[in-house]
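Now for the letters of each chain:
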Amino acid sequence: MMESLAWVDGIANPITRVADQAWSDSQICGGKPCSPSNQFCAKPFVNAPTYHLMDQHGCAENDPNGPVFDPVHGVFHHFYQIHLAAPPGHGPDYGHFVSKDFVSWAAMPVAIWNGLDASAWPPRATPYDNQAIYTGSAAVVEGAGPGGEGPGIVQIYPGLCNKADWPACETGTLLAQAVPADYASDPLLANWTKPSYNPIMENTQRDPSTPWQTPSGEWRLRTFNSMVYGSASSKDLLAGKWYEIGKSDDFRQCECPSVYPLPAATPGTEAAYEEARRAGMPDTVHKTSCGGDWWQLGSYDPGAPRSVGSFKPTPGWEDVFAQKRIDQGNFYASKDNEYPTLAGGKRRINWGWATVPPASAQTLPREVTFNAEARALQQYPIEEIAGLRAAAAFDRRGVAVRGSVGLGVPAGGARQAGLL
């Protein structure tokens, strides 16, 4: 996905790459401690995926973090776990890419550092998260825009702490928020700040889900250990006011959880979708990562404010409440959010961590839809991906595949290709 990759502010030349980077979090960048002014483990990798987002700091990577569309500047943001850290931490932190069209992407500086608020200079110390910034989530919240007006982005992340530097640290993990430091004049949101109210919850577990808002206006999220946390309103969320609601017996304990409304109909199945909706079909998707990525469909009742609510099988749809694997192979820790369609509507897009050489990459973004006829969620590369394809290097029809088939592609004709 980096066909038109550009470095912001001339940070580096993406053509120069090095191979065989070790898989580890790094405190050392270019022989010196990693920091906001020194954030390259090495040069970018050779033989890297061309059309998938891959870290350009010469560091390893893993989970996608808080992918989101910024309604203020019309920019798509993709964050990910970048394997570097400022001392005394071990990492990872929040890497960052931006795009206006899902096709051409720019590699950005690290967005959220462990133990530092890099929006100030010199960076301000944040001892409550000085070990690492783990997988977080993004929400678009009313009142979070520039000047406190309109919708804007809030990142909620798990910070890893240590008791020597943060005496309240008992579980080793807490939750904190980061917001754009200068929303109006920073269209690519290169600068993120950690408000003074942090941390928002202490002694939690990792992996906060993307928050969802109940009809009462209360925001909720769940963490790895099935604990549900709440914030009474958007105003309270933006003030960092959260509380523990309790543990859900309906949300299983797993990494990288997500809870979101049933997505739109798979194209061509709209009539079946509407018929099922009228008769009563599942309304919520619950996604988790446990030895692979899984999702299930059911009915969610938020209950009263400050209650855990319930997530149960939908009558007549009990089969889809069972865990169904999202993908096979080198795919894990997926993260989703709601994005605009090219036509101005809404769609659910899911990203995954592709555990592929030389040091992992992000999967192509996939739109998730519901096929009521097949009683299943479906996913496929978003329509913008077609813009990455050139003329076919090989085209033969009516081929019976029995074993291997020679394609007759000349040497150098296709460095990376897709099969259709």
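So, how was this worked out
- Residues numbered from 1 in each chain as written.
- Predicted model: local features only at pLDDT ≥ 70, side-chain atom pairs only at ≥ 80, totals over all residues.
- Heavy atoms only, no water.
- Disulfide = S-S within 2.5 Å.
- Buried < 20%, exposed > 50% of the residue type's maximum accessible area, 1.4 Å probe, protein only.
- 1 Å grid on protein atoms, 1.4 Å probe; cavity = no way out; pocket = protein on both sides within 12 Å on 5 of 7 lines; lining within 4 Å.
- Points joined across faces, edges and corners; volume = space filled by probe spheres on them.
- Helix = DSSP H or I, 4+ residues; strand = E, 2+ residues; numbered from the N terminus.
- Patch = residues over 30% accessible without salt bridge, like charges linked within 9 Å, V, L, I, M, F, W, Y side chains within 5 Å.
- Areas by Shrake-Rupley, 256 points an atom, 1.4 Å probe, with all protein chains shown as cover.
- Salt bridge = Lys/Arg side-chain N within 4 Å of Asp/Glu carboxyl O.

Comments concerning the state of the cysteines
Piece 1. Applying the stated criterion across every chain yields a total of four disulfides.
Piece 2. One disulfide in the model links cysteine 29 with cysteine 34; its S-S distance is 2.0 Å. One disulfide, between cysteine 29 and cysteine 34, carries an S-S torsion of 90 degrees and so falls in the right-handed class.
Piece 3. Look at cysteine 29 and you get buried, because its relative accessible area is 0%.
Piece 4. Using a relative accessible area of 1% as the deciding quantity, one classes cysteine 34 as buried.
Piece 5. Covalent S-S linkage joins cysteine 161 and cysteine 169, the inter-sulfur distance amounting to 2.2 Å. Taking the sign of the S-S torsion, about 80 degrees here, the bridge from cysteine 161 to cysteine 169 comes out right-handed.
Piece 6. Among the residues examined, cysteine 161 registers a relative accessible area of 8% and is labelled buried.

Overview of the layout of surface pockets
Piece 1. Reported here for the second largest pocket is a volume of approximately 870 Å³.
Piece 2. Lining the second largest pocket we find 37 residues, and of these Pro261, Asn337, Glu338, Lys346 and Arg348 sit closest to its centre.
Piece 3. Of all the secondary-structure elements, those providing two or more residues to the lining of the second largest pocket are β11 (137-142), β15 (212-213), β19 (255-261), β24 (331-340) and β25 (346-354).

Some words on a nonpolar patch on the surface
Piece 1. Taken together, Val399, Val401, Val405, Leu407 and Val409 make up a surface patch of nonpolar side chains, about 370 Å² in accessible area.
Piece 2. Within the fold, leucine 407 resides in the segment after β28 (376-381).
Piece 3. Leucine 407 gets classed as partly exposed once you look at its relative accessible area, which sits at 42%.

Overview of empty space enclosed by the protein
Any empty space left between atoms is shown by rolling a water-sized probe over those atoms.
Piece 1. Under the definition given, this model contains one cavity of 30 Å³ or more.
Piece 2. Approximately 40 Å³ is the volume found for the largest cavity.
Piece 3. Along its surface, the largest cavity is lined by Ala111, Ile112, Trp113, Leu116, Asp117, Ala118, Ala178, Trp192, Thr193 and Lys194.
Piece 4. Of all the secondary-structure elements, those providing two or more residues to the lining of the largest cavity are β8 (116-117) and β14 (192-193).

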